[in-house]
Protein chains: 2
Amino acid sequence: MTAAAHRPATLEDVARSAGVSRSTASRVIAGTGFASPAARERVAAAADRLGYVPNPAARALVRGGGVRLVVAVAGPGASVLDDPYVHRVVGAAARVCAPAGIGVALHWLPLGERSSLDRLAGDGSVCGVVLVNTTEELLEAVPRSLRGRVASIGIGSATVPSFDVDNDAGASEVLRHLYATGRRRIAMVSGPRWLPCSQRPVVAYRRLMRQAGMPERVLPGDFTAASGRAAAGEALRRWPDLDAIYAISDETAFGVIAALRDGGVRVPGDVAVAGFDDIPLAGMTAPALTTASHPVGRIAAAAATAVLDRRPAAPVTLFPSALVARDSA
Amino acid sequence: MTAAAHRPATLEDVARSAGVSRSTASRVIAGTGFASPAARERVAAAADRLGYVPNPAARALVRGGGVRLVVAVAGPGASVLDDPYVHRVVGAAARVCAPAGIGVALHWLPLGERSSLDRLAGDGSVCGVVLVNTTEELLEAVPRSLRGRVASIGIGSATVPSFDVDNDAGASEVLRHLYATGRRRIAMVSGPRWLPCSQRPVVAYRRLMRQAGMPERVLPGDFTAASGRAAAGEALRRWPDLDAIYAISDETAFGVIAALRDGGVRVPGDVAVAGFDDIPLAGMTAPALTTASHPVGRIAAAAATAVLDRRPAAPVTLFPSALVARDSA
DNA sequence: CTGAAAGCGCTAACAA
DNA sequence: TTGTTAGCGCTTTCAG
């Protein structure tokens, strides 16, 4: 453990200090190729003595590997980068990448703009891309050269493996819970129309409603609490007989509950409310939110790992969604 | 706009295509040094045609600049990396770094372990470090070679500039609000004892209580809702005459409110509760949380920018905390 | 098993 | 104003 010199120690320094050539030192450090036990030990000792840390940038340069993993978030505006969900993804990815000496960058992908993806593909420092909130259009625009080092959290395509929560099963479970507890006039607040993966729960909802002979009532939202507020007001106006609202995100559900409360509607007495995601605070509010928990961190870690390892991933990897029945429904 | 070739275009490709030397191309692309308008234009055209993107890794290698900014979070366990606050910091940093071709890595810094910092300093690919939740001990262990490219979100030192919210003013404002609305027996739920910057509000609290001749009642917490629950129970037991609880984080405040509710104590009727941070949901709950809003994203962005630009920052940069009076207090 | 040599993509003296 | 020449720190043939 040496006081870090002003200039970081290089492999050359280690080699000299160990009395071997740079190649030998490289083989030992990288753990690749042959080296005598003696050489192995001397190099290890020298590296330790000098506080040597391999430079991933130099390594990437010669290997053509890249040094950053880009989390690319599609959306109508750059403000999508402020989303807590996105931050969770970036945090999980950064954690997975750190040991490999890989950094994470956060980019906004304007909807329907293919040049951004081309730029990423043409950047030799980019080792891979994790797409968030993708559209079919964007998926089609993924350049050939990105294949094998791109993954999507959300919908995928033939060339882009998808890592996502089992939206269909999750939504169905919540809906069945609502049904089992006697709710028959269930409205749904959906995600933004441009986001395909948020349509999955809507499809499940419609199917279930039809099967049960219950009315289909879908209102558009955008994951925010504000959109939940607005949707709840609208729902109350259009369907006074309403007895449940299923929101596609917890934030939205909280907005729904707030609007209901303002309108003098009791939750769950008059109207049950369920969310989706199970954010940390979901269990602390009054009423505590009934929702489905999603392993966002694990999903992001899996996507990042697939990209890092260039491991040919299954076309679709689904993560389980688990109903958390609390007070609101 | 060329379909990204399998191998990203290099400066050499651009130079050849423009009919100039690599150096000239470099000067034009990097915007440094001289170049005739003619050359300038031809290089620009070639770069555009080839979809050329400079490779930050190669650039960093020759300039000795590094390619990753490390967000190093101190704490007793690696689980500190799961914190939403940390994710916000990483997200903001990643956003600031992306245009420069710099990635962000997330590291856990075990309390009192100096070798981690030495490793970071000895890694040539690290362009800088943003410390989160630092201690004096860790600050002292910052290697010389990191000076000028390290910043702290929290307390700082002579060599490490600090970027933080004005904890003192923020806490005072909340406390004064509590006082102004008639509260006289105010308990405080503090942050973890090992975290110096979380002691600041406690100091402010003690000073104010003393000045007003009010009792000092501090209970330890750790920012989590669970610790808020526990602290509230304890507070009720020890101080039955309590009329307000000030929690050092919104999560904790929500835990406090939940415990109070469970105990049949009305908020704010019997006991007022105030938080700290103003998380997005603070305004949606019942009662809506009175708290102080903190520009976490801006703070993180400022710290990251200071490190990136190697700009000699002021020893301490304080960001304003703004009281948001809602229903809970 | 080891070392010499070439080169990843780029910048920065230096000479022309 | 431009091109030539050295590297940045590392891996990787290819000879020894």
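Residues numbered from 1 in each chain as written. Chains lettered and ligands numbered in written order. Predicted model: local features only at pLDDT ≥ 70, side-chain atom pairs only at ≥ 80, totals over all residues. Heavy atoms only, no water.

Hey, could you run me through the relation of the copies chain A and chain B in this one?
Here two copies of a chain appear, and what relates them is a rotation about an axis with a shift along it. The operation relating chain A to chain B is a screw motion whose rotation component is 180 degrees, with 0.0 Å of axial translation and a residual RMSD of 0.1 Å. The transformation just described matches what one would write down for a two-fold rotation axis. No C-alpha of chain A approaches the rotation axis more nearly than that of Gly103 of chain A, which lies at 2.0 Å. Most of the interface of chain A is mirrored in chain B: 100% of its interface residues are interface residues there too. (Least-squares fit on C-alpha atoms with pLDDT ≥ 70 in both. Contact = heavy atoms within 4.5 Å.)

Can you walk me through the pattern of salt bridges in this structure?
One side chain can pair with another of opposite charge once the charged atoms of both are near each other. Residues and elements named next belong to chain A. In the structure shown here, the tally under the stated rule is 30 salt bridges over all chains. Of the charged contacts, one joins Asp13 and Arg7 as a salt bridge, the two residues approaching to 3.3 Å between their closest N and O atoms. On the basis of relative accessible area, Asp13 is assigned to the buried category, the value being 14%. As a salt-bridge pair, Arg206 and Glu216 come within 2.9 Å of each other at their nearest N and O atoms. In this pair, Arg206 sits in helix H9 (residues 200-212) while Glu216 sits in the loop between H9 and strand S7 (217-220), placing the two residues 10 residues apart along the sequence. Under the relative-accessibility criterion, Arg206 is labelled partly exposed at 32%. A relative accessible area of 34% places Glu216 in the partly exposed class. A single salt-bridge network, built from bridges that share partners, covers Arg7, Asp13 and Arg16. (Salt bridge = Lys/Arg side-chain N within 4 Å of Asp/Glu carboxyl O. Buried < 20%, exposed > 50% of the residue type's maximum accessible area, 1.4 Å probe, protein only. Helix = DSSP H or I, 4+ residues; strand = E, 2+ residues; numbered from the N terminus.)

Whenever I open this one, the protein's contact with DNA strand D confuses me. Can you help?
Surrounding DNA strand D, one finds 25 residues, the nearest of these being Leu11 and Tyr52 of chain A together with Ser23, Arg27 and Ser36 of chain B. Expressed as a percentage, the sugar and phosphate content of the atoms of DNA strand D within 4 Å of the protein is 57%. The contact in question runs from a phosphate oxygen of DNA strand D to an N or O atom on the side chain of Ser26 of chain A, over 2.9 Å. Note that a phosphate oxygen of DNA strand D is positioned 3.2 Å from one of the backbone N or O atoms of Asn55 of chain A. Going through the elements one at a time, helix H2 (22-30) and helix H4 (56-63) of chain A together with helix H2 (22-30) and helix H4 (56-63) of chain B are the ones with two or more residues in the surface near DNA strand D. A per-class count over the surface near DNA strand D returns 12 nonpolar, 8 polar and 5 charged. (Near = heavy atom within 4 Å. Polar contact = N/O pair within 3.5 Å; in protein donor to acceptor, adjacent residues only side chain to side chain. Nonpolar A, V, L, I, M, F, W, Y, C, P; charged D, E, K, R; others polar.)

What is the right way to look at the interface of chain A and chain B in this model?
Between chain A and chain B, the residue contacts involve 52 residues of the former and 53 residues of the latter. Surface buried jointly by chain A and chain B totals about 4,400 Å² across both partners, of which 66% is contributed by carbon and sulfur atoms. Looking at the side of chain A facing chain B, the largest losses of area belong to Arg95, Leu281 and Met284 of chain A, adding up to 15% of the total buried there. At the boundary of chain A with chain B, the tally comes to 2 salt bridges. For Arg95 of chain A, the salt bridge goes to Asp82 of chain B, with nearest N and O atoms at 2.5 Å. The interface formed by chain A and chain B contains 5 residue pairs in polar contact (both at pLDDT 80 or more). Residue assignment for the side of chain A that touches chain B shows that the elements contributing at least two residues are H4, helix H5 (84-97), strand S2 (103-110), helix H6 (115-121), helix H10 (225-238) and helix H11 (250-262) of chain A. (Buried area = accessible area lost by both parts, 1.4 Å probe.)

I'm lost on the protein's contact with DNA strand C in this one. Help?
Around DNA strand C, 25 residues are found, and the nearest of them are Arg27 and Ser36 of chain A together with Leu11, Tyr52 and Arg59 of chain B. The share of sugar and phosphate among atoms of DNA strand C within 4 Å of the protein is 57%. Interatomic distance of 3.4 Å between a backbone N/O atom of Ala58 of chain B and a base nitrogen of DNA strand C. Residue assignment for the surface near DNA strand C shows that the elements contributing at least two residues are H2 and H4 of chain A together with H2 and H4 of chain B. Residues that form the surface near DNA strand C fall into these classes: 11 nonpolar, 8 polar and 6 charged.

Just checking my understanding: could you explain the UniProt feature "domain: HTH lacI-type" (unreviewed entry) in chain A for this structure?
Using the residue numbers shown here, the UniProt feature "domain: HTH lacI-type" (unreviewed entry) corresponds to residues 9-63 of chain A. Secondary structure across residues 9-63 of chain A divides into 71% helix and 0% strand, with the first and last C-alpha atoms of the span separated by 21 Å. (UniProt positions renumbered as here; feature names shortened; annotations may be inferred.)

Looking at this structure, I do not really get the sheet that holds strand S7 (residues 217-219) of chain B. What am I missing?
Backbone-to-backbone hydrogen bonds join strands into a sheet, with any given pair of strands oriented parallel or antiparallel. Residues and elements named next belong to chain B. The 4 strands lie next to each other as S7-S6-S8-S9, forming an open sheet whose pairing is parallel. The open sheet has two edge strands with one neighbour each: S7 and strand S9 (272-274). Across this sheet, the average inter-strand angle for adjacent strands is 20 degrees, counted without regard to direction. Pairing between strand S6 (residues 186-189) and strand S8 (residues 244-247): 4 bridges, direction parallel. Bridge pairing links Val189 to Ala247 in S8. Those strands touched by helix H8 (residues 167-180) are S6, S8 and S9, and its axis lies near 165 degrees from that of S8. (Pairing = 2+ DSSP bridges. Axes fitted to C-alpha atoms, helices over the stretch in contact; angles between N-to-C directions.)

What is the right way to look at the environment of Arg40 of chain B in this model?
Residues and elements named next belong to chain B. Within the secondary structure, Arg40 sits in helix H3 (residues 37-50). As for Arg40 and Ala25, which are separated by 15 residues in sequence, their C-alpha atoms are 8.0 Å apart. Excluding residues that lie within four positions of it along the chain, Arg40 makes contacts with Val28, Gly33, Phe34 and Ala35.

Sorry, what's going on with the nonpolar core here?
The nonpolar side chains of a soluble globular protein tend to be buried with one another. Judged by nonpolar contacts, the single largest core of 61 residues is most densely connected at Leu69 and Val71 of chain A together with Leu69 and Val71 of chain B. Sort the elements by how many residues they give to this core and helix H12 (residues 296-309) of chain B lands first, with 8 residues. Once you skip the residues sitting within four places of it in the chain, Val71 of chain B turns out to touch Val89, Val90, Ala93, Val104, Ala105, Leu106, His107, Val130 and Val132 of chain B. (Core = buried A, V, L, I, M, F, W, Y, C linked by side-chain atoms within 4.5 Å.)

What exactly am I supposed to notice about helix H1 (residues 11-18) of chain A here?
Helical periodicity: at 3.6 residues per turn, an α-helix aligns residues three or four positions apart in one direction. Three or more residues of H1 of chain A are buried, namely Leu11, Asp13, Val14, Ala15 and Ala18 of chain A. Buried residues along H1 of chain A sit in contact with H2 and helix H3 (37-50) of chain A.

What exactly am I supposed to notice about the sheet that holds strand S6 (residues 186-190) of chain A here?
All names here are of chain A. Taken together, the 4 strands give an open sheet; going across it, the order is S7-S6-S8-S9, and neighbouring strands pair in parallel fashion. The open sheet terminates on both sides in strands that have one partner only, identified here as S7 and strand S9 (272-274). Across the sheet, the mean angle separating the axes of adjacent strands is 20 degrees when strand polarity is ignored. Relative to the sheet, helix H8 (residues 167-180) contacts S6, strand S8 (244-247) and S9, its axis offset from that of S8 by approximately 165 degrees. Most of the contacts of H9 go to S6, to which it runs at about 165 degrees, and overall it touches S6 and S7.

Before we go on, may I ask you to explain the packing of H8 of chain B against helix H9 (residues 200-212) of chain B in this structure?
Angle between the axes and distance between the axes are the two parameters that describe a pair of packed helices. Residue and element names in this part refer to chain B. Where H8 meets H9, the axes come as close as 8 Å, and the angle between the chain directions of the two elements is 40 degrees. Relative to H9, H8 is oriented oblique. Between H8 and H9 the crossing geometry is right-handed. Contacts from Asn167, Asp168, Ala171, Ser172, Leu175 and Tyr179 of H8 reach H9 at Arg200, Pro201, Ala204, Tyr205, Arg207, Leu208, Met209 and Ala212. When its residues are assigned to classes, the contact of H8 with H9 shows 9 nonpolar, 2 polar and 3 charged. (Parallel < 35°, antiparallel > 145°, perpendicular 65-115°, else oblique. Left-handed = near helix turned anticlockwise from the far one by under 90°.)

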